[in-house]
Each structure stands twice: as structure tokens, then as C-alpha cells.
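Residue-level structural notes
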Amino acid sequence: MVPAPHSRPRRRARRVAATIAAAAAFAAAFAFAFATTVQADPLSVVNALRAKGCAKLPAVGTPVRRDKDLDRVASELARDDRLGTAIAKTNYPAETSTSFHVKGSREDPVVQKVLADRYCAAINDARYVELGAYQKGDETWIVLARRQPEAPVLDPAAAAHRVLALVNDARSVARKCGRDDFAPAAPLSRSDTLTAAAAAHALDMAAHRKLDHTGSDGSSSGERVTRTGYVWRAVGENIASGQKDADAVVAAWLESPGHCATLMGPYFTEMGVAFSYAPGANPGIYWAQEFAAPR
């Protein structure tokens, strides 16, 4: 019997098709195995350690959540930035933070072992509630942090009144500012003009996210007070950032030798203070306090 024409080429085509299908199935299986082996999930790894504990340390028991802003921080870390610099670049309002770098593998078990062996205490720290991560090649950068709590909305007049009261309480007793001793000083009066100068500088610092006695236009505190029409024979300035209320900012000034010395200056008779918010920034509030004595 004469074979039907083209019957052999059809069998070859079937074998070729079967070979291609088998190769495709193998490639898909390999790709799946590769993906499930090396694609580490930092969130799952960290939360597993927070759930079960590690290095004989108890588990904190609460998971962290993924945060896209912290992902950006982790990405900046991969550029060889320090954690503080990376946070500042992204404006993440960190109250507290820490970071980890794992190199050599992106497999979950490997990453988990490195974290458990080296960073167990930090991972099981209840202060951290958010996580960011960035992965490249065989490296993983992880950041844990907590955001600063939302600052209470302050009433400018009430805050200024409270600062003045606290300052006058401080001036009423002898005080040591660093190495310098100060006798009690007379109470200060509130000045609307000095308050206006303080408000302008606080707003300027908040707008430029910069704590500095020099204004964005190059002005000094004396020049800014003069612009308001105040004619002075003595002038001084305290500034601060991050303090959420009047009590906190006065406490910070008293703890700083230079600011404390200005606050206790016996040659000043009037004061003005103001603050300005910097939404979305860290720090999110800037303070300016102007002291003077009229000529």
C-alpha cells in the first residue's frame, strides 16, 4: 500500500508541537518556581517575626502596615543616603524610625533569618507601625517608622499668652543657662509690634522649611524688628521647630543655654511670639520669639 502523501511530515509536525508545548510548560513552571523563590515580601517577613518573636525575644503581636511614603524613604536609602537624609527628602513626618539592609538574597527564608539574627529587637518594637521597602537585584532595604501625631490646632492668641506667662515665671527666679548664672529679671510686656515681627519670621521659616535666624531675604532679627517701625536699643530672638504647644517650646528654650540666656536677658522689656504651620513637613511647626527694649 502506497503511503498517503504528506503523512510523515504531519507526524513530525505533531512531535514538534508536542516538544514546543513541553518546553513552554517547563519554562512556565521554572518562571513560577523562580518567582516564588526569590521575590521576597518584606511585609510578610517582618510581620511573621512580629507574630512569633525571634532570638528568644517575645513577639510584639501587632503587625505593621505598608506605607507608600516609607517605600520612597527606602528607595532613597538605596541611593546611599542616611536614614535621616532620606526621611528629610521625602518629608515623612517620622516620630521614630529605623532601617535594615539585607544583601545577598531576596528569598523570604534568607531575609527572615538575617532580620531575626541581627534586628529582632527593633522589629519587635511596638513603636513602629509602618513599613516601607525597596528591592533591587539581591538587595532589600526596609524602613520601620511611626508618624508624628497630628499637632493640636493652636489658637495664636492663647499660645502667645501662655508663652509670655511661662517666660515671666522663668525670669522671676535665678537661673543657670549653661555655664552662666542669671539673677531674676523683671517681667516682660507683650508687644503687638514684636508679635508681628515674630509672625513674619515664623511664616518665612515654615514656607522655606528652614530653621534659621537669617531670613530668606538675608535679614537679621534686628532688621525685621526695625521694619515694623519699632525703634529699639536692645533686641534678641529665639526660634524653634517641632514643639506642639507653648509649654513644649518654652521648655526647649530653657534647656538650650543660648536660648535660655536670651530669655533671661535683663535688658529686654517687651516680647512677641508667634508660630506658623508647615503642612506635610517634618517638622510641621516653626516658632519665633522676639525680645526688645524700646529706645
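Scroll up to find the structure this text is about.
Residues numbered from 1 in each chain as written. Predicted model: local features only at pLDDT ≥ 70, side-chain atom pairs only at ≥ 80, totals over all residues. Heavy atoms only, no water.

**Quick notes on helix α9 (residues 246–255)**
Those residues of α9 that sit buried are A246, V249, V250 and W253. Along α9, the residues classed as buried sweep out an arc of 95° about the axis, all on the same side. You can read the cap of α9 off the contacts: a side-chain oxygen lies 3.3 Å from the backbone nitrogen of D247, and it is on D245. (Buried < 20%, exposed > 50% of the residue type's maximum accessible area, 1.4 Å probe, protein only. Helix = DSSP H or I, 4+ residues; strand = E, 2+ residues; numbered from the N terminus. Arc of directions from axis to C-beta. Polar contact = N/O pair within 3.5 Å; in protein donor to acceptor, adjacent residues only side chain to side chain.)

**What to know about the state of the cysteines**
Inspection of the entire model under this criterion finds two disulfides. One disulfide bridge connects C54 with C120, the sulfur atoms lying 2.0 Å from each other. The sign of the 110° torsion about the S-S bond sets the C54-C120 disulfide as right-handed. Taken together, the positions of C54 in the loop between α2 (42–52) and β1 (65–66) and C120 in helix α5 (residues 108–123) put the pair 66 residues apart, joining distant regions of the chain. With respect to burial, C54 and C120 carry one shared label: buried. Each disulfide pairs two cysteine sulfurs, and for C177 the partner residue is C260, the sulfurs being separated by 1.9 Å. Where C177 bonds to C260 through sulfur, the torsion about that S-S bond is close to -50°, and the disulfide is left-handed. Pair noted here: C177 is in strand β5 (residues 175–177) and C260 is in helix α10 (residues 257–263), with a separation of 83 residues, a long-range link. With a relative accessible area of 0%, C260 lands in the buried category. What links to what in the protein chain: the bonded cysteines, counted in sequence order, pair as 1-2, 3-4. (Disulfide = S-S within 2.5 Å.)

**Some remarks on the sheet that holds strand β10 (residues 285–294)**
Reading across the sheet, the four strands line up as β7-β9-β10-β8 and stay open at both edges, with mixed pairing between neighbours. Taken across any chain shown, the strands that pair with only one partner, and hence form the sheet edges, are β7 (189–190) and β8 (232–241). Inspection of the sheet shows β8 paired to β10 by nine bridges, in the antiparallel sense. Among the inter-strand pairings, W232 is bridged to a residue of β10, identified as P294. The sheet strands contacting helix α7 (residues 192–208) are β7, β8, β9 (270–277) and β10, and the helix crosses β9 at an angle near 30°. (Pairing = 2+ DSSP bridges. Contact = heavy atoms within 4.5 Å. Axes fitted to C-alpha atoms, helices over the stretch in contact; angles between N-to-C directions.)

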